[in-house]
Amino acid sequence: MSTIEVSPVASRTGGQSYRVINDWSIQVATVNGSGSQTANNILMRSIFQMGIPVSGKNLFPSNIAGLPTWFTIRANKHGWIGRKKEIDFLVAMNPETAREDVLKLEPGAAVVYDAPLKLNELRTDLHFYPVPFDKLVVPVCPEVRLRKLVRNMIYDGVVGHLLGLDFEEMKKALYKQFGARKAKAADLNWNAIQAGKQFAEESLPKMDSLWAERMDKTAGKIIIDGNSAAALGCVFAGVTVVTWYPITPSSSLVESMIGYLKRLRIDKETGKATYAVLQAEDELAAVGMVIGASWAGARAMTSTSGPGVSLMAEFVGLGYYAEVPAVIFDVQRVGPSTGLPTRTMQGDLLSNALLSHGDTHHPILFPSDPAECFSMAGEAFDIAEHFQTPVFVNTDLDLGMNNWMADPFEYPTKPIHRGKVLTAEDLDRVGEFARYRDVDGDGVPYRTLPGTKHPKAAYFTRGSGHNDRAGYTEREDDYVNNVDRLSRKFETMKKWIPAPEMQRSEKASIGLVYCGTTRWAVEESRDQIAREYGVETSFLRLKGYPFTQELEDFIHAHERVYVVEQNRDAQLLALMKLDLPVPLLSKLRSIRYYGGMPLDARTVTTKFVEQEGL
Amino acid sequence: MSAAAAPPPKKVNRIGLDVLPYKGGKTTLCAGCGHNSISERIIEVLFELGIEPHSVAKMSGIGCSSKTPAYFLSQSHGFNSVHGRAPAVSTGALMANRDLRGIVVTGDGDTASIGIGQFIHMLRRNVPLVYIIENNGVYGLTKGQFSATADRGSKQKSGVINDMTPIDCCLMGIELGATFVARSFSGDKKQLTNILKACVSHRGLSLVDVISPCVTFNDHEGSTKSYSYVKEHEMALHDVSYVPYYEEIQVDIEEGEVRDVTMHDGSHLRLKKLGRDYDPTNKRQAVDAITDAEKSGEILTGILYMEQGRDTLHDMLGMVDEPLATLPQSRVRPGPEALARMMEELR
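The rules we used
Residues numbered from 1 in each chain as written. Chains lettered and ligands numbered in written order. Predicted model: local features only at pLDDT ≥ 70, side-chain atom pairs only at ≥ 80, totals over all residues. Heavy atoms only, no water. Contact = heavy atoms within 4.5 Å. Buried area = accessible area lost by both parts, 1.4 Å probe. Salt bridge = Lys/Arg side-chain N within 4 Å of Asp/Glu carboxyl O. Polar contact = N/O pair within 3.5 Å; in protein donor to acceptor, adjacent residues only side chain to side chain. Helix = DSSP H or I, 4+ residues; strand = E, 2+ residues; numbered from the N terminus. Buried < 20%, exposed > 50% of the residue type's maximum accessible area, 1.4 Å probe, protein only. Arc of directions from axis to C-beta. Pairing = 2+ DSSP bridges. Axes fitted to C-alpha atoms, helices over the stretch in contact; angles between N-to-C directions.

A. Structural view of the interface of chain B and chain A. With 56 residues of chain B at the interface, the matching set in chain A holds 72 residues. Here chain B meets chain A over a buried area of about 5100 Å², counting both sides, of which 65% is carbon and sulfur. Its largest share of buried area at the contact with chain A, chain B owes to His-77, Arg-333 and Arg-347 of chain B, together 14% of the area lost on that side. Remark: the boundary between chain B and chain A carries five salt bridges. When the shortest N-O distance is used, the salt bridge between Lys-272 of chain A and Asp-321 of chain B registers 2.7 Å. On the surface where chain B and chain A come into contact, there are 26 residue pairs in polar contact (both at pLDDT 80 or more). For the side of chain B that touches chain A, the elements supplying multiple residues, two or more each, are strand E1 (56–60), strand E2 (77–80), helix H3 (86–96), helix H5 (116–124), helix H10 (313–317), helix H11 (329–332) and helix H12 (336–346) of chain B. Tallying contributions element by element places H12 of chain B first for the side of chain B that touches chain A, with nine residues.

B. Up close: helix H18 (residues 549–556) of chain A. Residues of H18 of chain A that are buried include every one of Leu-551, Phe-554 and Ile-555 of chain A, and no others. The buried residues of H18 of chain A occupy one face: seen down the axis, they fall within an arc of 95 degrees.

C. Molecular detail of the sheet that holds strand E18 (residues 501–503) of chain A. All names here are of chain A. With respect to topology, five strands assemble into an open sheet ordered E18-E20-E19-E22-E23, the strand pairing being mixed. The open sheet has two free edges, formed respectively by E18 and strand E23 (588–592), since each of these has just one partner strand. Taking each pair of neighbouring strands and ignoring which way they run, the sheet shows an average axis angle of 20 degrees. The strands that helix H17 (residues 518–533) touches are E18, strand E19 (510–515), strand E20 (537–542) and strand E22 (560–565); relative to E19, the one it contacts most, it runs at about 160 degrees. The strands touched by helix H19 (residues 571–579) within the sheet are E19, E20, E22 and E23, with E22 carrying the most contacts at an inclination of about 130 degrees.

D. Summary view of the environment of Lys-157 of chain B. Residues and elements named next belong to chain B. Counting through the fold element by element, Lys-157 comes out in the loop between strand E6 (145–146) and helix H6 (169–176). In this structure Lys-157 comes out as exposed when scored by relative accessible area, which is 55%. For the pair formed by Lys-157 and Val-56, sequence separation is 101 residues and the distance between their alpha carbons is 38 Å. Excluding residues within four positions of it along the chain, Lys-157 makes contact with Thr-216, Phe-217 and His-220.

Now the structure itself:
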């Protein structure tokens, strides 16, 4: 069954008898470093400003310039913003990949291409639109060295005309992107867009059936990447110390945070910063600084990806055992080892949960969109400080580096929570202070900060065996009591972990469980499964770890539960097997994808249908 | 003597504290370990200078040396962290709270091997703290393996000779940006005390490499880090004395014999010439002196290099004057209008 809805309207050239409106994907194939990102963002934004739900995904190589790169824009009137595998409209700018890109297309697709490539000779079942980019760029861009960049803007004009995009919106998007300070560059690019438009009007009669039409489904929404959203979340969560080591795909998180901090966190009276950002010598030092800063009372965070997490293992164990807060954003990429640094994966679930030697357990938050990157940044700091332990915020390259249409962020309603910190006045009042004593029965002890002026404030922090007064010990009972308290603390944490998003359909005997960006493919896949196979499903989207009671109840309520995730080894399922009661485990099934691309709905549907024998 | 006589009044320092808060738990190191003498010097220096114990953060990595912060300053917060990683933890702590006085105690394993990367980067950043290396040339806790500071030709207890080139942490410090570099000997009470006092007055990173013999694994014939070897080969550059800012200078300086250095806090460091004229602000001379001493088998002690006025990490970060750790919400969470503005830009 086709997922494309068609409406019988005569096309303007009469070549096609139907129109596909607001349900297509464009792929722009260029060379890395050619400046196509700006042109692609403007295209995406124009569609967004027309009120059409849209997503953009940049498939780029681990390279600065010269290797192929693809940008996919999907417009979807239903609001499905996950990846769609099939390409409806190709813009072939890269001679190196053009042939393969064209051969992969489904019949009926449209191809805008650089005329000298003569791609029309390859197939007869596509709609080809040759464009002489080199010829068109000369009159709009007299400066030779800029032509390589401006050339890309021409395809915006061509594609805009062919799809019927609103050029007023495109102009707005362009000038927004360049800003007032680069008005001259914007003018140059606007001329290029118009040159493309004019050429298309004069020379390219419409042959395909793809059209954009204004809708009202993006009102109030924003476009932002997950890394910037997380950065902004940290700024509004009151982050004070940020340390990091550059690594794809997490670097832009701290880089954009530096920009936000400079704008929002400079003390008006003194011109000084209410934060400190330091680029460390490696991830090990970065997390060590976070541990030191948090120990001394800062709200401290670092951001990294899988290889960095591996380096942080020893310190994260120290944070767990010595009970020091830390917030670690893990923007996952494909591992193991260097892996595919510019591809996406949910490959660090187990390492985040269990990092370091000995018995360790770490809380994790799983944002699925920019709004959650923002809100969960705040939650991560509150959990880290309340429970005095490292917290992972587990995102991925797809969420972190791609631009997403998102709900605007809500200003935090709760005050910043600093946890059980005793001041000098508190120490006078309580009489006795034992750093690791379970005073409240929730496993969470009290701490004091260095610099507290009180004779009873000091304690000695160590990663070696310690009793409840923080004294050195190798005694069996001291050790067992302490690590059992840490387990109690982890249990208490379940009350603080955001509850899953779920929908239990009365008619459904099958459930789907997933986390993070897997959301987008699964939501669309459930719709496909219902429409195409008549099967209703329930879902539960995890927002954090440790798992809460809702997960057990959900599995209880269903005959079979598919755990959908983006890794080879079913890591989320493995974590569930570690933590859930054994009788529930036989109900669990696994759907996995691990090719490095953002997961798409059709892949989930196909794997589901196979296992269900539909 | 009457049995009812009152006990002698406790000696108190200039902030009215007796020595007890400056002391720590009972040491668990070997009797005669050089590290214990260094702990005693730290207690003595901070007591005498009247440093408030709560203002100090005692930091360490892992090893015999790193255990020692438990043996001094019981009213200071301490952090016995991860092997070789005290620099990162200390840097973080001092970013969080710029009012803390960081005293880092590490060993030669910590500094010259597993944590050499962190050591170097801490130097580059001129993190304002006192960094003490308790240098004995061996790994004590794992029973006597050579460390990277063991001299070429030095003999292990088992008879093995070290063939590898030693790492000189002071030379590295001078090359890589430390603004105060000294070498001393745990057995040289007076010199070490005065050097440590100068460290407290220094604004920026001060590095003190203290040769601190391991009585159990490296105090035998053939070792170049034994008590007897160091006593025989120590060559002091100068006689170091220190006059704190709150005391009046009583002795006039003899021209040409004594260098008087006014430190950041107004204290005076006085370096009395011993044999040769040595200018500790001259980087090239410092490097030459250390290199020459190494060639002739001497252990050069004293203040090897100092540079005043360089920006510290705190200056470079441009932070507010108050500790970041305790800034109130009103200063670290921008208002709703700021978020609304950001959202508008993204629409």
